[in-house]
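Spelled out, the chains give:
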Amino acid sequence: MRITVMLLAMLLFFLPLCARAEEGPSSYHLPAYDDQVPSLREAYADFFKVGAAINTFQLQEGSDFYKTVIKHYNVFVTENEMKPQYINPSKGTFSFDAPDRFVAFGESVGASLRGHTLVWHNQVPQWWFKGENGGTATSEELLARMEEYISTVMGRYKGRIHTWDVVNEAISDGSSGLRDSDWVRIIGDLDGDGNAYDFMEYAFRYAREADPDAQLIINDYSLESDSRKLNDFYTAVRTMLEKGVPIDGAGIQAHVSLGYPSIATFEQAIEKLASLKELNPSFTVQITELDVSLFAWNDQSKTKEMTPELQQKFAEYYADLFTMFKRQAEKGNLDMVVTWGVFDGSSWLDGFPVSGRTNAPLLFDRSFMTKPAFWGVIDPALIPEAIAALE
């Protein structure tokens, strides 16, 4: 009898706990690393890897940042520390302190790593483009420097960095074709085939030689919203693939604005690029720098009040994006989604493109608390409860 009473008492104690667990978290405004908060990487484990851009100075073990990133992400990329101007600032000088810390961190938590970026028109050492005897470098000099850089950097992390943005932002914004860069001006059309894709072709071939097993990506922005730029990008990649250039995927940066582009337009861009699998069966699409600005591009204001209505629109757009990403992953078109930053307090969109602006483009707020958008990405059905919890 005594045992029966004890069992009944225990049952009466645990039943309310179980009911609360089934109802969900006790709050929708929790620290990102709280035990009640679902993990993003676990929520999408059957679909794609979920990653974030980080800086190694943020990785103090035990900090809110550290606890957040190891809970939610299984892919990491450095926001700035692996750009060429920092690694190879002068001839014969390579600095690997920050990249080494980055790789060691990734390996310590069992994450995949992205290298960003090898060939870009920006944040690149200007000595690369200067000739040994003065003036502008020759195409031979520039290609030799490209090859040395790629072989040195990729060789150092061979088998340790899973994916590389080999070429970044090569397509023009304002007019058709390639961006007018030193790469194009100096290297030009060496093979005489009528286009100046040569610097990219060399970059990918050097990268494949440096690490035959790495995933090699060509990365750009506005592909999800600018049909002209998407078509030029697609044409360039297709042309190179037809020549046997080893490109394994397209990176869509996806620095989007709230409600723009439409989900349908974004999805069409992914499917257009994914169709390149006909030339390379392993070709994939990755979302490489996702954030959702609260401001339209032509909006010059510096702040927006995060009303419940704005929170709901923001949450629904994020939820719709991830629902679409999941759909594309199920089709075999998408294997990775990376946000450009972890929390609102360190986003590059503070102050850009408007000086003094305060933005809030990510899933965790400035105090590492979950936003309704986070819950929408976990399950769109949770958005109303998460919004109501704000009031």
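Structure shown above.
So, here's what we can say about the structure. Being a predicted model, the structure only gives us computed values, none of them experimental.

Calculation criteria
- Residues numbered from 1 in each chain as written.
- Predicted model: local features only at pLDDT ≥ 70, side-chain atom pairs only at ≥ 80, totals over all residues.
- Heavy atoms only, no water.
- Helix = DSSP H or I, 4+ residues; strand = E, 2+ residues; numbered from the N terminus.
- Expected span 1.5 Å × (residues − 1).
- Buried < 20%, exposed > 50% of the residue type's maximum accessible area, 1.4 Å probe, protein only.
- Arc of directions from axis to C-beta.
- Contact = heavy atoms within 4.5 Å.
- Salt bridge = Lys/Arg side-chain N within 4 Å of Asp/Glu carboxyl O.
- Phe/Tyr/Trp six-rings, centres within 6.5 Å; stacked < 30°, edge-to-face > 60°.
- Lys NZ or Arg CZ within 6 Å of the ring centre and 35° of its normal.

Across residues other than glycine, the phi torsion is negative in most instances, and most of the peptide bonds are trans. The linkage connecting His116 with the following residue, Thr117, adopts the cis geometry, with an omega of 0 degrees. Position of Thr117 relative to the elements: it lies in strand E3 (residues 112–119). Omega for the bond connecting Tyr260 with Pro261 falls within 30 degrees of zero, at 0 degrees, which places this linkage in the cis form. The backbone of Ser222 sits at a positive phi, close to 65 degrees, despite the residue not being glycine. By the element assignment, Ser222 lies in the loop between strand E5 (215–220) and helix H9 (227–242). Despite not being glycine, Ala254 shows a phi value in the positive range, around 65 degrees.

Here we take up helix H10 (residues 263–274). A turn of α-helix holds 3.6 residues, and therefore any two residues three or four places apart point the same way. In a regular helix each residue adds 1.5 Å, so 12 residues correspond to 16 Å; H10 covers 16 Å between its end C-alpha atoms and thus fits that length. Of all the residues in H10, the buried ones are Ile263, Phe266, Glu267, Ala269, Ile270, Leu273 and Ala274. The buried residues of H10 occupy one face: seen down the axis, they fall within an arc of 155 degrees. Elements that come into contact with the buried residues of H10 comprise H9, strand E6 (249–252), strand E7 (255–257), strand E8 (284–293) and helix H11 (308–330).

Attention now moves to the pattern of salt bridges. When the charged atoms of two side chains lie near each other, side chains of opposite charge can form a pair. In this structure the tally under the stated criterion is 24 salt bridges. The shortest N-O distance in the salt bridge between Glu107 and Arg160 comes to 2.8 Å. Of the two residues, Glu107 is situated in helix H5 (residues 97–108) and Arg160 in the loop between helix H6 (139–156) and strand E4 (163–168); the sequence distance between them amounts to 53 residues. A relative accessible area of 41% means that Glu107 is categorised as partly exposed. One salt bridge connects Glu132 with Arg145, and the closest N-O pair in it is separated by 3.1 Å. Here Glu132 is found in the loop between E3 and H6, whereas its partner Arg145 is found in helix H6, with 13 residues between them in sequence. On the basis of relative accessible area, Glu132 is assigned to the partly exposed category, the value being 45%.

All right, on to the packing of aromatic side chains then. Taken as a whole and judged by the stated rule, the model has 27 aromatic pairs. Between the aromatic rings of Tyr66 and Phe105, the centroid separation amounts to 5.9 Å while the plane-to-plane angle is 65 degrees, which identifies the pairing as edge-to-face. Linking Tyr66 in helix H3 (residues 64–72) with Phe105 in helix H5, this pair joins segments that are 39 residues apart in sequence. By the burial criterion, Tyr66 is buried, and Phe105 matches it. Relative to Phe96, the ring of Phe94 has its centre 6.0 Å away and its plane inclined at 10 degrees; by these criteria the two rings are stacked. Each member of the aromatic cluster is reached from another via a ring pair, and the members are Tyr44, Phe47, Phe48, Phe266, Phe314, Tyr318, Phe322 and Phe325. The ring of Tyr221 has Lys229 lying over it, and the distance from NZ or CZ to the ring centre is 3.5 Å. Positioned above the aromatic ring of Tyr234, the side-chain terminus of Lys272 is 4.3 Å from the ring centre.

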